[in-house]
Amino acid sequence: MKKPFASFLTLSRTAIVGMLLLSASALFGQENLKLLNVQETTQGFGVYPCGDRHEAMVQFVTHEPFGLTFESTHESQTQLNVTVDSIAGKKTYSIVFVTQEPGRDFSNRRLTIRVPGFQDYRMPLPLKDKQLFEYTVSDPYSVLRSPFFDYLEKAQASFNNSEYQKAKDNYELCRYCPEYLNDTANILQHIQLCDSMLIWYNQAIEADHFFRYHEAVNAYNKLLVYDGNEKLRQSMYAAQRNFDRDCEAVLNMGEKELSAGNLERSRQMFEQVIENGCTRYAKQANENLEVVRKASLRRDSHSRTLLFEYGLTNEMLGFTYGNFYQNKANGWYSTFLINKDFFNQFDSHIEGSYDPVTQKFVYKEKMKKDEESGELYPEKMQYEACFMTGPSWHIWVPIYIHAGIGYHYGAFDKFDPEKFNSTVNETGEDLLKELTSKQMFHGPAVEGGLVLKYFRFALKFTYRYTYWVNKGDYKDFCADNTGAFQIGAGFCW
């Protein structure tokens, strides 16, 4: 029969082992971050003498080797008034808090205690004036230390220091401890994560070494998901800066090639910017690709066309400029026409003679008479100008049609009897002074026709119709000058 003292020892050992197993289960359930033990140890009624100030004090005492840091919901790091006293391994952190302030409510203040390797400990602090509270902070597992926990802490510390091989080695040592049976899946998961981190880290270093900065950035980003080490973050930023510089260099080279007219070379560089994942320069590269596409379209289809126009039923001359695309449904064109005497109208005079007997002016050229008004007029406009613009449509390989609207101006010289007078010279001879007036017409015009384009040459056939808005006494004349045919010939590039 066992002695009572032996039974007590056996029970104590069983309890200790049970406590260890329970502690291990709770520990690994939180990704290897231990729980802090924070207990209030205020002696009596804590009073903080602060005179008339609205303040309170909270003290945190610890005998552990680690240090404490704090974060408040109502104070910034620079506003936290923290003093630290250390005597014989005991550290006391004293923090003074403001309890009252106009326009602010401190009743929902929360304080977070942070210790490396431990979960953040958050506690409410609804403080009142002159209160003093003391809390003792400790590691609940320090007296239950076993090789399993030592390996686990070393693994976590190595992982946080980006020493993934050393972390993996310590996780492997955990597998030889009895506590491993209670947390097998978690340990294996961490070993697999260490393997992945080693692969990503080597990929990042290799890509960085061979100037493949985009691959390096991706690898560093994978690492930073599980390891927030500042050195890794700075390496990622450096790789990103180098990547952006490379993207900008390729974009600039593409723009230089575009300016030089090397469309295919510039297109390849702009596409490379997009394929490389240069998100910062992707918009500009896409815009440049659109410029390259339009330039290639013009170059390959020789869409830009210049034609010299000639009137078949009048004496108008001019030119047409437009885009006649082979690979697009429609384009635009503009036409400007004048006749050869257009600019002479400002310094012109009527040709003919005045018969004082009949008091009629005899025109030099043959004139027609309007049947309704009896007014005389020439066969065609003496001065004429026209501007037309509109779309064109590609019908078949060499054939385009076009239609436009515009403005048509016309005029001719006539004898104005109201402005006719005579003068007497020094010899007394009576001289006739002939004054010329302009009969002007204007109105909207429409036109349509056909364009034939082959390689670098083009022909244009057009019929134009004008709606004269001020016919006056010359309805027959306007009717004779409403429609006109013209032809154009030119080249494309």
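Model, not experiment: these values are computed from the prediction.

A few words on the layout of surface pockets. Taken as a whole, the largest pocket holds about 570 Å³ of empty space. As for the largest pocket, its lining consists of 23 residues, of which Asp341, Glu365, Gln382, Tyr383 and Asp413 are closest to the centre. Partitioning the lining of the largest pocket into residue classes produces 6 nonpolar, 6 polar and 11 charged.

This paragraph deals with the pattern of salt bridges. Within the structure shown, the criterion is met by 22 salt bridges. For Asp195, the salt bridge identified is with Lys168, shortest N-O distance 2.7 Å. Of the two residues, Asp195 is situated in helix H4 (residues 184-209) and Lys168 in helix H3 (residues 164-174); the sequence distance between them amounts to 27 residues. A salt bridge links Lys340 to Asp341; the shortest N-O distance between them is 3.3 Å.

Here we come to the environment of Leu317. Among the secondary structure elements, Leu317 is positioned in strand E10 (residues 316-323). Measuring from C-alpha to C-alpha, the distance between Leu317 and Cys386 comes to 10.0 Å, with 69 residues separating the pair along the chain. What Leu317 contacts, discounting residues up to four positions off in sequence, is Glu309, Tyr310, Phe336, Leu337 and Ile338.

This brings us to the side chain of Thr305. Looking at the secondary structure, you find Thr305 in strand E9 (residues 304-311). Within polar-contact distance, the side chain of Thr305 engages the backbone oxygen of Ser303 at 3.0 Å. With residues up to four places along the chain from it excluded, the contact list for Thr305 reads Thr320, Tyr321, Gly322, Phe324, Lys453, Ala458, Phe491, Cys492 and Trp493.

For the rest of this paragraph, the subject is the side chain of Gln486. Relative to the helices and strands, Gln486 resides in strand E22 (residues 483-492). A relative accessible area of 4% places Gln486 in the buried class. A distance of 2.5 Å separates the side chain of Gln486 from the side chain of Arg464, its partner in a polar contact. With residues near it in sequence (within four places) discarded, Gln486 still touches Glu309, Tyr310, Gly311, Leu312, Thr335, Leu337, Glu447, Lys460, Phe461, Thr462 and Arg464.

Counting 28 residues, the largest nonpolar core has Phe148, Phe159, Tyr171, Ile187, Met197, Tyr220 and Leu223 as the members making the most contacts within it. Elements supplying a minimum of two residues to this core: helix H2 (147-160), H3, H4, helix H5 (213-226) and helix H6 (230-259). The biggest single contributor to this core is H4, with 8 residues. Formed by 21 residues, the second largest nonpolar core is a distinct cluster that contains Val58, Leu68, Leu80 and Leu111.

Here the focus is a nonpolar patch on the surface. A contiguous nonpolar surface patch, about 1,100 Å² in accessible area, is contributed by Phe308, Phe319, Tyr321, Phe336, Phe387, Tyr454, Phe455, Phe457, Phe491 and Trp493. Tracing the backbone shows Phe308 in strand E9.

Glancing now at the packing of H6 against helix H7 (residues 263-275). Where H6 meets H7, the axes come as close as 8 Å, and the angle between the chain directions of the two elements is 160°. The orientation of H6 with respect to H7, classified from their angle, is roughly antiparallel. Classified by chirality, the crossing of H7 by H6 is left-handed. Between H6 and H7, the contacting residues are Cys247, Val250, Leu251, Met253, Gly254, Glu255, Glu257 and Leu258 on the first element and Leu263, Arg265, Ser266, Met269, Phe270, Gln272 and Val273 on the second.

Before going further, it helps to examine the pairing of strand E2 (residues 55-62). Regular strands have side chains that alternate between both faces of the sheet. Counting buried positions along E2 gives 8 out of 8 residues, so the element sits mostly inside the fold. A two-sided burial pattern is seen for E2, the buried positions comprising Glu55, Met57, Gln59 and Val61 on one face and Ala56, Val58, Phe60 and Thr62 on the other. Across 8 bridges, the pairing between E2 and strand E5 (residues 90-98) is antiparallel. Within the sheet, the bridge partner assigned to Val61 lies in E5 and is Thr92. Judged from the 5 bridges that link them, E2 and strand E8 (residues 132-138) form a sheet pairing that is parallel. Its bridge partner being in E8, Phe60 is matched across the sheet by Tyr135.

Taken residue by residue, H3 has Tyr164, Ala167, Lys168, Asn170, Tyr171 and Cys174 as its buried positions. Along the axis of H3, the buried positions cluster into a sector of 165°, meaning they face one direction only. Buried residues belonging to H3 abut H2, H4, H5 and H6.

Let us now look at the packing of aromatic side chains. Per the counting criterion, the structure on display carries 22 aromatic pairs. Centroid distance Trp200 to Tyr226: 6.2 Å. Interplanar angle 15°. Geometry classified as stacked. Of this pair, Trp200 sits in helix H4 while Tyr226 sits in helix H5, placing them 26 residues apart in sequence. For Trp200, a relative accessible area of 19% gives the class buried. For Tyr226, a relative accessible area of 44% translates into the label partly exposed. Between Phe491 and Trp493, the aromatic rings sit 5.8 Å apart at their centres with planes inclined by 40°, giving tilted as the arrangement. In this structure Phe491 comes out as partly exposed when scored by relative accessible area, which is 38%. You can call Trp493 partly exposed: its relative accessible area is 31%. In this structure an aromatic cluster arises from ring pairing among Tyr377, Phe412, Phe441, Trp468, Tyr474 and Phe477. Positioned above the aromatic ring of Tyr325, the side-chain terminus of Lys328 is 4.6 Å from the ring centre.

Reading the values: the criteria
Residues numbered from 1 in each chain as written. Predicted model: local features only at pLDDT ≥ 70, side-chain atom pairs only at ≥ 80, totals over all residues. Heavy atoms only, no water. 1 Å grid on protein atoms, 1.4 Å probe; cavity = no way out; pocket = protein on both sides within 12 Å on 5 of 7 lines; lining within 4 Å. Points joined across faces, edges and corners; volume = space filled by probe spheres on them. Nonpolar A, V, L, I, M, F, W, Y, C, P; charged D, E, K, R; others polar. Salt bridge = Lys/Arg side-chain N within 4 Å of Asp/Glu carboxyl O. Helix = DSSP H or I, 4+ residues; strand = E, 2+ residues; numbered from the N terminus. Contact = heavy atoms within 4.5 Å. Polar contact = N/O pair within 3.5 Å; in protein donor to acceptor, adjacent residues only side chain to side chain. Buried < 20%, exposed > 50% of the residue type's maximum accessible area, 1.4 Å probe, protein only. Core = buried A, V, L, I, M, F, W, Y, C linked by side-chain atoms within 4.5 Å. Patch = residues over 30% accessible without salt bridge, like charges linked within 9 Å, V, L, I, M, F, W, Y side chains within 5 Å. Areas by Shrake-Rupley, 256 points an atom, 1.4 Å probe, with all protein chains shown as cover. Axes fitted to C-alpha atoms, helices over the stretch in contact; angles between N-to-C directions. Parallel < 35°, antiparallel > 145°, perpendicular 65-115°, else oblique. Left-handed = near helix turned anticlockwise from the far one by under 90°. Pairing = 2+ DSSP bridges. Arc of directions from axis to C-beta. Phe/Tyr/Trp six-rings, centres within 6.5 Å; stacked < 30°, edge-to-face > 60°. Lys NZ or Arg CZ within 6 Å of the ring centre and 35° of its normal.

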